[in-house]
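Chain and residue survey
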Amino acid sequence: MIEKKESTISTEDAFLVGAVFGELSSDKVNEHLEELELLAKTAGANVVHSYTQKLNRINPSFFIGPGKAQLIIEHAKSLNVKLIIFDDELSPAQIKNFSNLSKSIKVIDRSSLILEIFSQHAKTKEAKTQVELAQLEYLLPRLTRAWTHLERQMGGIGTRAGAGETQIEVDRRLVRTRISNLKKELDKIDKERETQRKKRLENYKVALTGYTNAGKSTLMKSLSGSNVFIQNQLFATLDTTIRSVKIDKSHTILLSDTVGFIRKLPHNLVASFRSTLKEVIESNLILIVLDSSSESIEDHFQTIINVLDDIGAKKQTRIVLNKIDLIKSKARFDFLKNLFPDGIFVSALDQLRIDSLKESIAKTMDKDHVEIELQLPYD
Ligand code: GDP
Ligand code: MG
């Protein structure tokens, strides 16, 4: 196994870089940077400065202009900042150019930051395996000569270069082998899960989905009365929690709470979490939990729809507008009502209108039970 790399991000000062280009307004980019800052904090970094840069076109070597790149690096050096995080995905070539330019300063993008947070939060074997797979798939096209220490890390059998094989080829081979082993392991875990899932097949399954930090786990707790891990942090939950919840006298559901979504979620991460997300795919009803106090609620909603599409979850959905305790103006309420006419307004934290949510779930369940009238002859 690859030795766990030293955490990429520790308590170090960081710069953020966002680019204004194409359809993006600078307001939007600032919103994205605020979220990136929260991600950086979650990973343990301390953001000291954010850059936004207008771009007419993306520079193939540095994403931003080479002059600006140089300037940011100089500024970082003068403040002893060791980490620069781009909101946009950097190509393997761009990462390499930055590492040549900046030497001791690490330059990463949002994807690798999210991967880092996932790896910090993975607790179960399944989550750990999924994260390692996503990390290696992210790493593979980015392997450069600088990575030759992989040989030592992976040690032992099969790590020596064969005839005519360069070090970089050896590294790629090792990573590919590890990827294929991880996939086999995940298949095995998934098969074990399958039996449990089959056992639950006769139950009506409801899945909580939503942007990270929307309040899914809090809602799970207030619906089920059970202890669920809640934290004002992005991606506090990576694994799926399932609870049986009695909605009323005649309705019981299996409620699941799982990993949150976020914009620009790395594709290989979504792919490797497919088995965790199966709970969502196979549910009868998906509750989309939104933070109604967030200015980015429309973007959040769109991100969730995109990810659900991505994983092939085509079930019926209900929209839950959470955190209504934070709505202070009637204008805001009207705005939300207009945007989501069928939305169910609740506060998971203050236990407000949880009953109306339960009623709505029960109604949907009844609708799913098709009533048929049969006339049977006596014989
Ligand atoms: P998750 O990432 O979607 O599972 O979100 P959590 O349930 O962990 O909650 C994220 C943060 O939002 C926590 O600090 C919660 O206390 C807070 N939160 C959740 N629901 C509400 C709510 O209805 N009102 C308010 N004010 N805060 C809430
Ligand atoms: Mg959670």
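Residues numbered from 1 in each chain as written. Chains lettered and ligands numbered in written order. Predicted model: local features only at pLDDT ≥ 70, side-chain atom pairs only at ≥ 80, totals over all residues. Heavy atoms only, no water.

Regarding its fold elements, the protein presents 13 helices and ten strands. Expressed as a percentage of its 379 residues, the buried residues of the protein come to 50%. Of the contacts made within the protein by residues no fewer than 6 positions apart, 71% connect residues no fewer than 24 positions apart. On the protein, roughly 19,600 Å² of surface is accessible, and the fraction owed to carbon and sulfur atoms is 51%. (Helix = DSSP H or I, 4+ residues; strand = E, 2+ residues; numbered from the N terminus. Buried < 20%, exposed > 50% of the residue type's maximum accessible area, 1.4 Å probe, protein only. Contact = heavy atoms within 4.5 Å. Areas by Shrake-Rupley, 256 points an atom, 1.4 Å probe, with all protein chains shown as cover.)

The environment of ligand 1 is made up of 17 residues, and the closest members are Asn 213, Gly 215, Lys 216, Thr 218 and Asp 325. Ser 217 places a side-chain nitrogen or oxygen 2.9 Å from an oxygen atom of ligand 1. At three residues, helix H8 (residues 216-224) tops the list of elements feeding residues into the shell around ligand 1. Looking at the shell around ligand 1, its residues break down into five nonpolar, nine polar and three charged. (Near = heavy atom within 4 Å. Polar contact = N/O pair within 3.5 Å; in protein donor to acceptor, adjacent residues only side chain to side chain. Nonpolar A, V, L, I, M, F, W, Y, C, P; charged D, E, K, R; others polar.)

In this structure the tally under the stated criterion is two cavities of 30 Å³ or more. What the largest cavity holds in volume is close to 60 Å³. Along its surface, the largest cavity is lined by Phe 118, Val 259, Gly 260, Phe 261, Leu 265, Leu 269, Val 270, Phe 273 and Leu 277. Here the residues of the lining of the largest cavity sort into eight nonpolar, one polar and no charged. Approximately 30 Å³ is the volume found for the second largest cavity. As for the second largest cavity, its lining consists of Gly 18, Ala 19, Leu 24, Val 29, His 32, Asp 87, Asp 88 and Lys 264. Elements with a contribution of two residues or more to the lining of the second largest cavity: strand S1 (13-20) and helix H1 (26-43). The residue inventory of the lining of the second largest cavity, partitioned by class, reads three nonpolar, two polar and three charged. (1 Å grid on protein atoms, 1.4 Å probe; cavity = no way out; pocket = protein on both sides within 12 Å on 5 of 7 lines; lining within 4 Å. Points joined across faces, edges and corners; volume = space filled by probe spheres on them.)

When pLDDT is averaged across the protein, the result is 87; 91% of the residues are at 70 or more. Here helix H6 (residues 150-154) stands out as the element of the protein with the lowest mean pLDDT, 50, in contrast to strand S10 (residues 344-345), whose mean of 98 is the highest. Of the regions scoring below 50 in pLDDT, residues 1-6 engages in ten contacts with residues more than four places distant in sequence or in other chains. (pLDDT = per-residue confidence, 0-100.)

Following both chains from N to C, one finds helix H4 (residues 110-121) and helix H5 (residues 125-139) inclined at 155°, their axes separated by 10 Å at the closest point. Taken together, the axis directions place H4 and H5 in an arrangement best described as roughly antiparallel. Crossing of H4 over H5 shows left-handed handedness. Note on element contacts: H5 touches H4 through Val 131, Ala 134, Gln 135 and Tyr 138, opposite Ser 111, Ser 112, Leu 115, Phe 118 and Ser 119. (Axes fitted to C-alpha atoms, helices over the stretch in contact; angles between N-to-C directions. Parallel < 35°, antiparallel > 145°, perpendicular 65-115°, else oblique. Left-handed = near helix turned anticlockwise from the far one by under 90°.)

With a phi angle near 60°, Asn 80 is a residue other than glycine that sits in the positive phi range. Its place among the elements puts Asn 80 in the loop between helix H2 (66-79) and strand S3 (83-86). Even without a glycine there, the phi angle at Gln 351 is positive, about 55°.

Bringing the packing of H1 against H4 into the picture now. Interaxial distance between H1 and H4 falls to 9 Å at its minimum, and their mutual angle equals 35°. You can see that H1 and H4 cross each other, and the crossing is left-handed. Counting all contacts with H1, which are made through His 32, Glu 35, Leu 36, Leu 39, Ala 40, Thr 42 and Ala 43, the residues of H4 involved are Arg 110, Leu 113, Ile 114, Ile 117, Gln 120 and His 121.

Here S1 lies mainly inside the structure; seven of its eight residues are buried. Bridge count for S1 against strand S2 (residues 46-54) is eight bridges, and the pairing is parallel. By the bridge assignment, Ala 19 is partnered in S2 with Gln 53. In this fold, S1 hands off to H1, which returns the chain to S2; that crossover is right-handed. The sheet contact formed by S1 and S3 spans four bridges and is parallel. If you follow Leu 16 over to S3, its bridge partner there is Ile 85. (Pairing = 2+ DSSP bridges. Right-handed = clockwise from strand over helix to strand, strands pointing away.)

What follows is about helix H11 (residues 297-311). Over its 15 residues, H11 extends 21 Å from the first C-alpha to the last, a length consistent with the 21 Å expected when each residue adds 1.5 Å. Turning to H11, its buried residues are Ile 297, His 300, Phe 301, Thr 303, Ile 304, Val 307, Leu 308 and Ile 311. All buried residues of H11 fall inside an arc of 160° around its axis, so they share one side. (Expected span 1.5 Å × (residues − 1). Arc of directions from axis to C-beta.)

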